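Chain by chain, the residues run as shown.
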Amino acid sequence: MMTEQEHYDQIDLPLYRGEIEPLLPVQVLDFHAHIWRKQDWKEVPWDENEAGARYMVTSPDYSLEQLHADSGRIFKDRTYKAVCFGNPTPAADIEKTDSYTAAAGKSGWVYPLMLAGKGLRSGEQIEQRLIRDGFYGYKVFLNWFGNEYGTVTVEDMISGVEMQLAEKYHLVVLLHVPRSGRLADPEIQRGVQKLSRDYPHAQIVLAHCGRCYLPDEMKRAIRSIRDLSNVYMDTSMVMDPVVLQMVLEEIDSSRLLFATDFPVPAMRGRRVYVMDHWVDLVLSGNPESDFRVQSENFRATFMVYEIILAIRRAAERVKLPQQKLTAIFFENGIDVLNRVQRPAQ
């Protein structure tokens, strides 16, 4: 078995130099990355056997320094910047989490998002925090663990209190849509459409391409947002080229934002699907998780690279011009961030 460094030198780096690096601009913007500290969590949910908590098991410590180290190895010789936020679940102490994210925003390469959701804070509290800490918007809070969200609607997650400020300041609203049907669910589609039309200056970003990791899901989902110019999709953990091809065929490529979901895609492997659900096929040595299959019987590289290759393959299928492909990795996201009207202190 190869050591970590041998694997990096013999598999990861040659793939990066040959296939990944030529696609990337000098600066890369990751529109979806986590940073957190165990000391800012109220509990480690999988240790407490919380319902649904083993849906995605990670390390309870993933500091700004670790993100910097991982991104430095994975995006070698590129300037990495990231839209960052903490653990957006009931495991987190929200105030401590947001304070850590706000401090990271002073690093010069992090664009911080605060955790926000229905009933978490008053409008006055949110606005004060926006002014004091320089957040670019919200990561919408998930008031559940893992896959325990079968009946949740978009309206259950975020209210007019948060959205009125998003409209006022043109904030980023990064939304992980609920329900097992994801954006393919007509109820979720109606919720996203209502947010878009009621708050046309809010910049709504659907995490994980609306959680449509499978082509059949995206086929039912993508036309619901086709005419919503203030709704974007981030590519975090989306590794199926057909899914991304459908996105590029229906909406302008400027609405697709490169994203990773660090720390998860620092694993080596690939997200695949079996029948009607995704499965993370990864090399051994990672924490056990509900939809994570581990083995040593295949070659693998960082999941981040699989996301990038899926974008490239989709772009090739739709004959996307090189300039527009390159823009997915930086310009598209920066344009969104530049539209935020951050309140003055």
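Residues numbered from 1 in each chain as written. Predicted model: local features only at pLDDT ≥ 70, side-chain atom pairs only at ≥ 80, totals over all residues. Heavy atoms only, no water.

A. Representation of the packing of aromatic side chains. Evaluation of the coordinates by the stated rule reveals 16 aromatic pairs. Measuring from centroid to centroid gives 6.5 Å for Tyr 8 and Phe 302, while their planes differ by 55°, and the two rings are tilted. On the criterion of sequence distance, the pair formed by Tyr 8 in helix H1 (residues 4-20) and Phe 302 in the loop between strand E12 (292-295) and helix H11 (303-318) is long-range, its members being 294 residues apart. Here Tyr 8 matches Phe 302 in class, with each residue buried. (Phe/Tyr/Trp six-rings, centres within 6.5 Å; stacked < 30°, edge-to-face > 60°. Helix = DSSP H or I, 4+ residues; strand = E, 2+ residues; numbered from the N terminus. Buried < 20%, exposed > 50% of the residue type's maximum accessible area, 1.4 Å probe, protein only.)

B. Structural view of the nonpolar core. If you look at the biggest cluster of nonpolar residues, it comprises 123 residues, and the most contacted ones within it are Phe 31, Phe 75, Tyr 138, Val 192, Leu 206, Met 233 and Phe 258. Ranked by the residues each element gives to this core, the list is headed by H11, at 10 residues. (Core = buried A, V, L, I, M, F, W, Y, C linked by side-chain atoms within 4.5 Å.)

C. Representation of the sheet that holds strand E6 (residues 172-175) in the model. Ordered by their spatial adjacency, six strands build an open sheet running E4-E5-E6-E7-E8-E9, and the pairing between neighbours is parallel. Edge strands, defined here as strands with exactly one partner in the open sheet, are strand E4 (114-116) and strand E9 (256-257). Relative to E6, strand E5 (residues 137-140) is paired through three bridges, and the arrangement is parallel. Counterpart to Lys 139 in the pairing with E6 is Leu 174. Strands in contact with helix H7 (residues 186-198) are E6, strand E7 (203-206) and strand E8 (231-234); relative to E7, the strand with the most contacts, it is inclined by about 160°. (Pairing = 2+ DSSP bridges. Contact = heavy atoms within 4.5 Å. Axes fitted to C-alpha atoms, helices over the stretch in contact; angles between N-to-C directions.)

D. Quick peek at the packing of H1 against H11. The geometry of H1 relative to H11 is characterised by a closest axis approach of 12 Å and an angle of 25° between their N-to-C directions. Judged by the inter-axis angle, H1 sits roughly parallel to H11. Relative to H11, the crossing made by H1 is left-handed. On H11, the residues that touch Asp 12, Leu 15, Tyr 16, Glu 19 and Ile 20 of H1 are Tyr 305, Ile 308, Leu 309 and Arg 312. Class assignment of the residues belonging to the contact of H1 with H11 gives a composition of six nonpolar, no polar and three charged. (Parallel < 35°, antiparallel > 145°, perpendicular 65-115°, else oblique. Left-handed = near helix turned anticlockwise from the far one by under 90°. Nonpolar A, V, L, I, M, F, W, Y, C, P; charged D, E, K, R; others polar.)

E. Quick peek at H11. Over its 16 residues, H11 runs 23 Å from end to end, which matches the ideal 22 Å to within 8%, given 1.5 Å per residue. Most of H11 is tucked away: 12 of the 16 residues are buried. Inspection of H11 places Met 303, Val 304, Tyr 305, Glu 306, Ile 307, Ile 308, Leu 309, Ala 310, Ile 311, Arg 312, Ala 314 and Ala 315 among the buried residues, and these make up the whole buried set. Considering only its buried residues, H11 is in contact with H1, helix H2 (64-74), helix H10 (241-250), strand E10 (269-274), strand E11 (277-283) and helix H12 (322-328). Remark: Lys 319 follows H11 within two positions and exhibits a positive phi of approximately 60°. (Expected span 1.5 Å × (residues − 1).)

F. Structural detail: the side chain of Glu 21. Assignment of secondary structure puts Glu 21 in the loop between H1 and strand E1 (27-34). On the accessibility criterion, Glu 21 (15% relative accessible area) is buried. Setting aside its immediate chain neighbours within four residues, Glu 21 contacts Tyr 16, Lys 76, Asp 77 and Arg 78.

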